[in-house]
Amino acid sequence: MNKFYYFRMNVTYHAFLSHYLGVASTVMVMTEQGLKLQLPASRFRSFLTQLGVKGRFRLTVDQNNRFVNLEQVG
């Protein structure tokens, strides 16, 4: 059974590039449930715009907490 975690991101384009280009390869987020999650910055590449990475996201993991999907939901 899959688990879902919801969180918001508001990272500028330049801040995200510093993460993606190797300064830090992961991003720490706080879910709406109050759980801290560490995700690879590369998972957000498809959501990067000129404004950065902004919006509400849903992370789906499997029963072993392995990544299944990340999607923007708002």
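Residues numbered from 1 in each chain as written. Predicted model: local features only at pLDDT ≥ 70, side-chain atom pairs only at ≥ 80, totals over all residues. Heavy atoms only, no water.

For the protein chain, an unreviewed UniProt entry supplies the name DUF2835 domain-containing protein and the organism Aliivibrio finisterrensis.

*Asks:* Hey, could you go over the overall build of the protein chain for me, with residue numbers and the actual values?
*Replies:* Looking only at helices and strands, the protein chain has one helix and five strands in total. The order of α-helices and β-strands along the protein chain, N terminus first, is β-α-β-β-β-β. Scaling as 2.2 N^0.38, a compact globule of 74 residues should have a C-alpha radius of gyration of about 11 Å, and the protein chain matches this with 12 Å. Seen along its three principal axes, the alpha-carbon backbone of the protein chain occupies a region of about 35 × 25 × 20 Å. For the protein chain, buried positions account for 28% of its 74 residues. Here the contacts in the protein chain between residues at least 6 apart in sequence split such that 54% fall between residues at least 24 apart. Entry remark: accessible area of the protein chain is about 5000 Å², with carbon and sulfur atoms responsible for 52%. (Helix = DSSP H or I, 4+ residues; strand = E, 2+ residues; numbered from the N terminus. Rg over C-alpha atoms; globule rule 2.2 N^0.38 Å. Buried < 20%, exposed > 50% of the residue type's maximum accessible area, 1.4 Å probe, protein only. Contact = heavy atoms within 4.5 Å. Areas by Shrake-Rupley, 256 points an atom, 1.4 Å probe, with all protein chains shown as cover.)

*Asks:* An account of the sheet that holds strand 4 (residues 53–61) is requested, with residue identities and associated values reported.
*Replies:* Within the open sheet, the three strands sit side by side as 1-4-5. Their pairing is antiparallel. Here the strands that pair on one side only, and so sit at the sheet edges, are strand 1 (3–11) and strand 5 (67–72). The mean inter-strand angle of the sheet, taken between neighbouring strand axes irrespective of direction, is 25 degrees. Sheet analysis places strand 1 next to strand 4, joined by nine bridges and oriented antiparallel. Each bridged residue has a counterpart across the sheet, and for Lys-3 the counterpart in strand 4 is Val-61. (Pairing = 2+ DSSP bridges. Axes fitted to C-alpha atoms, helices over the stretch in contact; angles between N-to-C directions.)

*Asks:* Any chance you could break down the side chain of Thr-60 for me, citing the residues and the numbers?
*Replies:* One can find Thr-60 in strand 4. Not counting residues up to four positions away in its chain, the partners in contact with Thr-60 are Asn-2, Lys-3, Phe-4, Arg-66, Phe-67, Val-68 and Asn-69.

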